[in-house]
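# Fold and contact review
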Amino acid sequence: MSEDPIHPAAAGPEPHHPAALAGGAAPAAPSASPTAPATTVIGPAELVRFTNVTKSFGEGAEAKVAVQNVSFVVHDLPNAGELVAIVGPSGCGKSTVLRILAGLRPHFPPTSGEVHAFGQPIAGPAADRGMVDQKYSLMPHLTVQENIAFGLKLRGVSGKERRKRAHVWAKKVGLDGAEDKYPSELSGGMQQRVSIAATLILEPKILLMDEPFGALDPKIRMQMQELLIALWREQQSTVFIVTHSMEEAVYLGDRILRMAARPGRLVEELEVPRPDVPPDVMRKQPWFNELTQELLRRLETDAPALGPLPGLEQWRAGR
Amino acid sequence: MTGFLLTALVFVGLLTAVVRFAGLQVRRDIGRRKELALSLGFVALVLFGWWFVTRGDYNVRLVNSTILPAPLEVLKAFVPLHFDQGLVRNALVSVQRIAFAFSIAVFVAVPLGTCRGSIRPIAALFHPVTLVGTYVPTVVFLPLSIGWFGATEIQKVWFLAVVYFIAVLPLVIKSVGDVPSAFLDVAVTKGATQWQLVRHVLFPVAKADIWDHLRGAFGVGWTWIILAEAWANAERGLGYLLEISYRRTRIDRYFAVVIVIVLIAVVCDQLWRIGGRLLFPYRNRQ
């Protein structure tokens, strides 16, 4: 492959350093392979990069800052996506970060700073970054099957092919048999199953979820978390999930982005255990409570960056 | 004036007393059968009152027969209306005019309203149309229509179509505008183009709502057809029958025609309702 000579050069510099973006990669491209597409040039290992992203609404003294100087990098791990949970108090701009990443107005474009996905500046919404909302994700006039296949229809896939692929996905999320029902006939949990299937059928590299299970009762919520993990393993996409629930963040996340309010900002990135076991099993682990309690304490006090969460050592020792 | 205030006061007092002593509760279901019985009871009461004030010979009635005919007289008026004045034919003419004018109005207003509800520059461009529609009294179009087209078939359909258009357009715009933008967010993250957003999201999500508005607007058309037909020296149509009955002081026939109009309107409304159930099955499955 022609990409091989570029690869070490682009990935060589410390990827967390912003300079790697412009300095390390750009000059290497033309000399090594003129035919290589631009996407492979700027750090192929970088999936998402926020660089000093600030978003404010309004102007002058009236301006309301939604998020300020948010910077983070999520890497494209080979054969495995990451699960990034975004937590923070109300008004800290969790959803703003997610919507900027999705390219959705009015949050996108940011007032200042740069946002890259797949090494390219984000220009707007696209199917490579699928979104699942808390509600309103489903078209009320379409059946479950038609909703699952909606994105395929937008792409001009034929009706027969759509039905076939929608059926496969209905099975995956446990909705075979309910395919001819309308969203209004489904429970909240089933509606979210349809939403997830309708997004994942397009095989997005990045899945964005804004409090997807916030309206569900605890038992259904755990089932959905388990389903999400199963699908995530199969799809190997990277998931960003905004949540109010510390348990959900600790369970689902590989990594937690903790934000604080007034002004909305990213405080720290925290490593948490991978969801290798079902949620009810992880919840019974001795370190689980310690982790969630500490996270909640930091959240409620808007604490500055305090470093790794306690309990991680126990988790590592137990593996 | 005092009389009116007194009546209003007594009415409110009676209503309060009924609610209080019958122990009625807000939004408490009473069952279909009871609801139907109460509605029928009211109709019976009105009919009884009507019969009571118009009973007896012409010169001993409580209400003069030139103001209010007896129920039986109205019923009998259907015979000459049907055999001599072609009631069915005239009704069909009116229905035809309404259907034609309504189709034209919908054909223009629904696509235009959908565009206006979706795309801001188009909304701004056509904003004056809505302003005119809101503040110009629709009646002014009637003499205008006669001036332009004469008392012709085109004139009546044109007038009705304009009235319908003005009524329907803002409702379509509102329905499309009320679609939550979260639907759009989800669609664009699935790769929808701008045209697809209108074609596959905004219009389909709003269409059931638009249907309900059309149903309401359609009924209002009956008010205007009568005006158009009575004012513009029509030779056919229910408005013409009304006008002629009034001029000949056949008040019994006048009432009979009114009953026909109400019946047709009710039947049409039911057809709209059934049509809605068939077209939007997802609405009645909860």
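Residues numbered from 1 in each chain as written. Chains lettered and ligands numbered in written order. Predicted model: local features only at pLDDT ≥ 70, side-chain atom pairs only at ≥ 80, totals over all residues. Heavy atoms only, no water.

Let us look at the overall build of chain A. Within chain A, the secondary structure is distributed over 13 helices and 10 strands. Expressed as a percentage of the 319 residues in chain A, the buried residues total 51%. If you take every contact in chain A between residues at least 6 apart in sequence, the share linking residues at least 24 apart comes to 69%. Accessible surface computed for chain A: about 14,000 Å², of which carbon and sulfur atoms make up 53%. (Helix = DSSP H or I, 4+ residues; strand = E, 2+ residues; numbered from the N terminus. Buried < 20%, exposed > 50% of the residue type's maximum accessible area, 1.4 Å probe, protein only. Contact = heavy atoms within 4.5 Å. Areas by Shrake-Rupley, 256 points an atom, 1.4 Å probe, with all protein chains shown as cover.)

With that settled, the discussion passes to the confidence of the model for chain A. Summarising the model, chain A shows a mean pLDDT of 80, and 85% of its residues fall at 70 or more. Here residues 1–43 of chain A scores under 50 on pLDDT; set against residues more than four positions off or in separate chains, the count is 40 contacts. (pLDDT = per-residue confidence, 0-100.)

This part takes up the domain arrangement of chain B. Domain boundaries assigned for chain B yield domain 1 (2–68) and domain 2 (82–285). The C-alpha centroid of domain 2 of chain B is placed 33 Å from the C-alpha centroid of domain 1 of chain B. (Domains from an automatic or database assignment.)

All names here are of chain B. Along the chain, valine 257 falls in helix α11 (residues 251–279). Its relative accessible area of 0% is what places valine 257 among the buried residues. Here the alpha-carbon distance between valine 257 and asparagine 90, two residues 167 residues apart in the chain, equals 10 Å. If we skip the residues at most four places from it in the chain, valine 257 touches Leu81, Leu238, Leu241 and Leu242.

Residue and element names in this part refer to chain A. Burial runs high along strand β1 (residues 46–57): nine of the 12 residues are buried. Two strands pair when backbone bridges link them, and β1 and strand β2 (residues 64–75) are joined in this way by eight bridges, in the antiparallel orientation. Each residue of the ladder has a partner; that of phenylalanine 50, found in β2, is phenylalanine 72. Counted between consecutive antiparallel strands, the loop separating β1 from β2 contains six residues, among which glycine 58 sits at a positive phi close to 80°. Bridge count for β1 against strand β4 (residues 112–117) is five bridges, and the pairing is antiparallel. Each residue of the ladder has a partner; that of phenylalanine 50, found in β4, is valine 115. (Pairing = 2+ DSSP bridges.)

Taken together, the contact between chain A and chain B spans 27 residues of the former and 21 residues of the latter. Put simply, chain A and chain B have one salt bridge between them. We note a salt bridge from aspartate 185 of chain B to arginine 99 of chain A, for which the minimum N-O separation is 2.8 Å. Counting the contacts that link chain A with chain B gives three residue pairs in polar contact (both at pLDDT 80 or more). At four residues, the largest contribution of residues to the side of chain A that touches chain B is made by helix α6 (residues 150–154) of chain A. (Salt bridge = Lys/Arg side-chain N within 4 Å of Asp/Glu carboxyl O. Polar contact = N/O pair within 3.5 Å; in protein donor to acceptor, adjacent residues only side chain to side chain.)

Evaluation of the coordinates by the stated rule reveals 18 aromatic pairs over all chains. Between phenylalanine 102 of chain B and phenylalanine 218 of chain B the ring centres are 5.0 Å apart and the planes differ by 85°, which places this aromatic pair in the edge-to-face class. Taken together, the residues span a long stretch of sequence, with phenylalanine 102 of chain B in helix α4 (residues 87–118) and phenylalanine 218 of chain B in helix α9 (residues 194–231) at a distance of 116 residues. Since its relative accessible area comes to 7%, phenylalanine 102 of chain B is described here as buried. If you follow lysine 172 of chain A out to its NZ or CZ, it ends over the ring of tryptophan 169 of chain A, 4.2 Å from the centre. For arginine 55 of chain B, the ring lying beneath its charged end belongs to phenylalanine 52 of chain B, and the centroid distance is 4.2 Å. (Phe/Tyr/Trp six-rings, centres within 6.5 Å; stacked < 30°, edge-to-face > 60°. Lys NZ or Arg CZ within 6 Å of the ring centre and 35° of its normal.)

For the coordinates displayed, the defined rule picks out 22 salt bridges over all chains. Arginine 129 of chain A is paired through a salt bridge with aspartate 128 of chain A; the nearest N and O atoms lie 3.1 Å apart. Residue arginine 129 of chain A is classed as buried on the basis of its relative accessible area of 5%. With a relative accessible area of 29%, aspartate 128 of chain A lands in the partly exposed category. Between arginine 97 of chain B and glutamate 229 of chain B there is a salt bridge; the shortest N-O distance is 2.6 Å. Separated by 132 residues along the polypeptide, arginine 97 of chain B in helix α4 and glutamate 229 of chain B in helix α9 bring together distant segments of the chain. Exposure class is identical for arginine 97 of chain B and glutamate 229 of chain B. Each is buried. Salt bridges sharing partners connect three or more residues here, namely Arg258, Glu268, Glu294, Arg297 and Arg298 of chain A.

Attention now moves to a nonpolar patch on the surface. A cluster of nonpolar side chains, namely Phe48, Trp51, Phe52 and Leu62 of chain B, defines an oily patch on the protein surface of about 440 Å² accessible area. In this fold, leucine 62 of chain B is placed in the loop between α2 (32–53) and α3 (71–83). (Patch = residues over 30% accessible without salt bridge, like charges linked within 9 Å, V, L, I, M, F, W, Y side chains within 5 Å.)

Now for the side chain of threonine 96 of chain A. Within the secondary structure, threonine 96 of chain A sits in helix α4 (residues 94–102). Look at threonine 96 of chain A and you get buried, because its relative accessible area is 9%.

For the rest of this paragraph, the subject is the nonpolar core. Judged by nonpolar contacts, the single largest core of 95 residues is most densely connected at Val48, Phe50, Phe72 and Phe240 of chain A together with Leu238 of chain B. Counting residues per element, this core draws most heavily on α9 of chain B, at 15 residues. Look past the residues within four positions of phenylalanine 72 of chain A in its chain and what remains in contact with it is Val48, Arg49, Phe50, Val97, Phe240, Leu257, Leu266 and Glu269 of chain A. Judged by nonpolar contacts, the second largest core, of 52 residues, contains Leu186, Val272, Trp287 and Leu299 of chain A. (Core = buried A, V, L, I, M, F, W, Y, C linked by side-chain atoms within 4.5 Å.)

We now examine the environment of leucine 101 of chain A. Residues and elements named next belong to chain A. Tracing the chain through its elements places leucine 101 in helix α4. When the C-alpha atoms of leucine 101 and glycine 124 are compared, they prove to be 8.7 Å apart, with 23 residues separating the residues in sequence. With sequence-adjacent residues up to four places away left out, leucine 101 is seen in contact with Val48, Phe50, Ile122, Arg129, Leu208 and Phe240.

Residue and element names in this part refer to chain A. Taken together, six strands build an open sheet; the order of strands is β6-β7-β8-β3-β9-β10 and the sheet is mixed. Two strands lie at the open edges of the sheet, namely β6 (129–132) and β10 (265–271), each paired on one side alone. Within the sheet, the average angular offset between the axes of one strand and its neighbour, ignoring direction, is 20°. In this structure, strand β3 (residues 83–87) lies alongside strand β8 (residues 238–242), joined through four bridges in parallel fashion. If you follow alanine 85 over to β8, its bridge partner there is isoleucine 241. In the packing of helix α12 (residues 286–300) onto the sheet, contacts are made with β3, β9 (255–260) and β10, and the angle to β9 comes to roughly 25°. (Axes fitted to C-alpha atoms, helices over the stretch in contact; angles between N-to-C directions.)

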